[in-house]
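If you want the building blocks of each chain, they are given just below.
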Amino acid sequence: MPKKQYFFLRIVEENETDSSKVYVAKSVFDQDTVGMKVEVLKNIEPGVDGQGRPKESGFVKGAIKISSIGEESNALVRALSTIFGMESAGQMSSEAILPTVFSSNTVAVDLSKNATYSFKLFFENSVGDPAEVFATLDLYKKSFEMSEKDASFRPQWLAAFEGK
């Protein structure tokens, strides 16, 4: 079984709208800067109740929106294809990517505080079932991290980022 892949992106820029915070997150892969824009809705409701059980209201489509920042996002798609050992056109979708987001938190997301929030992202794609990806927004470390649930979702994850 292939080793589970984990991706760490540093938040390098932050902007605010009335309803969300927009983060530009970047990293380096093979001496290439890779990155993307991550927009997170303010006050995402908790998806887990006090007893640790998931709540139906914890699933929200588009609570996190991922979009291209240009060449660095194309480089991110190329990096994913290299890491996954898969073919790719090497272009990130020009359209915003709107996964269904499950908040794995027992408290509402408060982007005004230094805190760490966990999510499960479900990326729709034309290749198969939605790609399941774990994500962590760490406002202490100023990072956005993603890890695959397992290697079986690699084709769908790559396809979703390519807009397919």
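Note that the structure is a prediction, hence the values are computed from the model and not measured.

A few points about the environment of Ile 69
- In this fold, Ile 69 is placed in the loop between strand S5 (64–67) and helix H1 (71–84).
- Classification of Ile 69 as partly exposed rests on a relative accessible area of 28%.
- Separated by 33 residues in the primary sequence, Ile 69 and Met 36 have C-alpha atoms spaced 5.5 Å apart.
- The contacts of Ile 69, once residues within four sequence positions are left out, are Val 24, Lys 26, Gly 35, Met 36 and Lys 37.

Here we look at the sheet that holds strand S9 (residues 143–148)
- Taken together, the nine strands give an open sheet; going across it, the order is S4-S6-S7-S8-S9-S1-S2-S3-S5, and neighbouring strands pair in antiparallel fashion. In this open sheet, the two strands that pair with only one neighbour each are strand S4 (59–61) and S5. Across the sheet, the mean angle from the axis of one strand to that of its neighbour is 30 degrees, orientation sign disregarded.
- By the bridge criterion, ten bridges tie strand S2 (residues 20–29) to strand S3 (residues 32–41) in an arrangement that is antiparallel. Note that in S3 the partner of Phe 29 across the bridge is Asp 32.

A closer look at the packing of aromatic side chains
- This structure, assessed with the given rule, holds seven aromatic pairs.
- Measuring from centroid to centroid gives 6.1 Å for Phe 7 and Phe 84, while their planes differ by 80 degrees, and the two rings are edge-to-face. Linking Phe 7 in strand S1 (residues 6–16) with Phe 84 in helix H1, this pair joins segments that are 77 residues apart in sequence.
- Relative to Phe 161, the ring of Trp 157 has its centre 6.2 Å away and its plane inclined at 75 degrees; by these criteria the two rings are edge-to-face. Of the two residues, Trp 157 and Phe 161 both sit in helix H2 (residues 154–162), four residues apart, roughly one turn of that helix. The burial state of Trp 157 is the same as that of Phe 161; both residues are buried.
- Ring-pair connections join several aromatic residues into one group, and the members of that group are Phe 7, Phe 84, Phe 123, Trp 157 and Phe 161.

Topic: the pairing of strand S8 (residues 131–138)
- For S8, the buried fraction is high: six of the eight residues fall into the buried class.
- By the bridge criterion, eight bridges tie strand S7 (residues 116–123) to S8 in an arrangement that is antiparallel. In the sheet register, Phe 119 faces S8, and the bridge partner there is Ala 135.
- Pairing of S8 with S9 involves six bridges; the strand directions are antiparallel. What sits directly across from Thr 136, in S9, is Glu 145.
- What sits between S8 and S9 in their antiparallel hairpin is a turn of four residues, with Lys 142 showing a positive phi close to 55 degrees.

Quick word on the environment of Ser 57
- Looking at the element boundaries, Ser 57 is found in the loop between S3 and S4.
- By relative accessible area, Ser 57 is classed as partly exposed at 45%.
- Remark: the alpha-carbon pair of Ser 57 and Gly 47, spanning ten residues in sequence, is separated by 6.5 Å.

Describing H1
- Between the first and last C-alpha of H1 there are 20 Å, a value that for 14 residues agrees with the 20 Å anticipated at 1.5 Å per step.
- Among the residues of H1, Ser 73, Asn 74, Ala 75, Leu 76, Val 77, Ala 79, Leu 80, Ser 81 and Phe 84 are the ones counted as buried.
- Where the residues of H1 are buried, they touch S1, S2, S3, S5, S9 and H2.

Conventions we followed
- Residues numbered from 1 in each chain as written.
- Predicted model: local features only at pLDDT ≥ 70, side-chain atom pairs only at ≥ 80, totals over all residues.
- Heavy atoms only, no water.
- Helix = DSSP H or I, 4+ residues; strand = E, 2+ residues; numbered from the N terminus.
- Buried < 20%, exposed > 50% of the residue type's maximum accessible area, 1.4 Å probe, protein only.
- Contact = heavy atoms within 4.5 Å.
- Pairing = 2+ DSSP bridges.
- Axes fitted to C-alpha atoms, helices over the stretch in contact; angles between N-to-C directions.
- Phe/Tyr/Trp six-rings, centres within 6.5 Å; stacked < 30°, edge-to-face > 60°.
- Expected span 1.5 Å × (residues − 1).

Remember that the coordinates give geometry; whether it matters functionally is a separate question.
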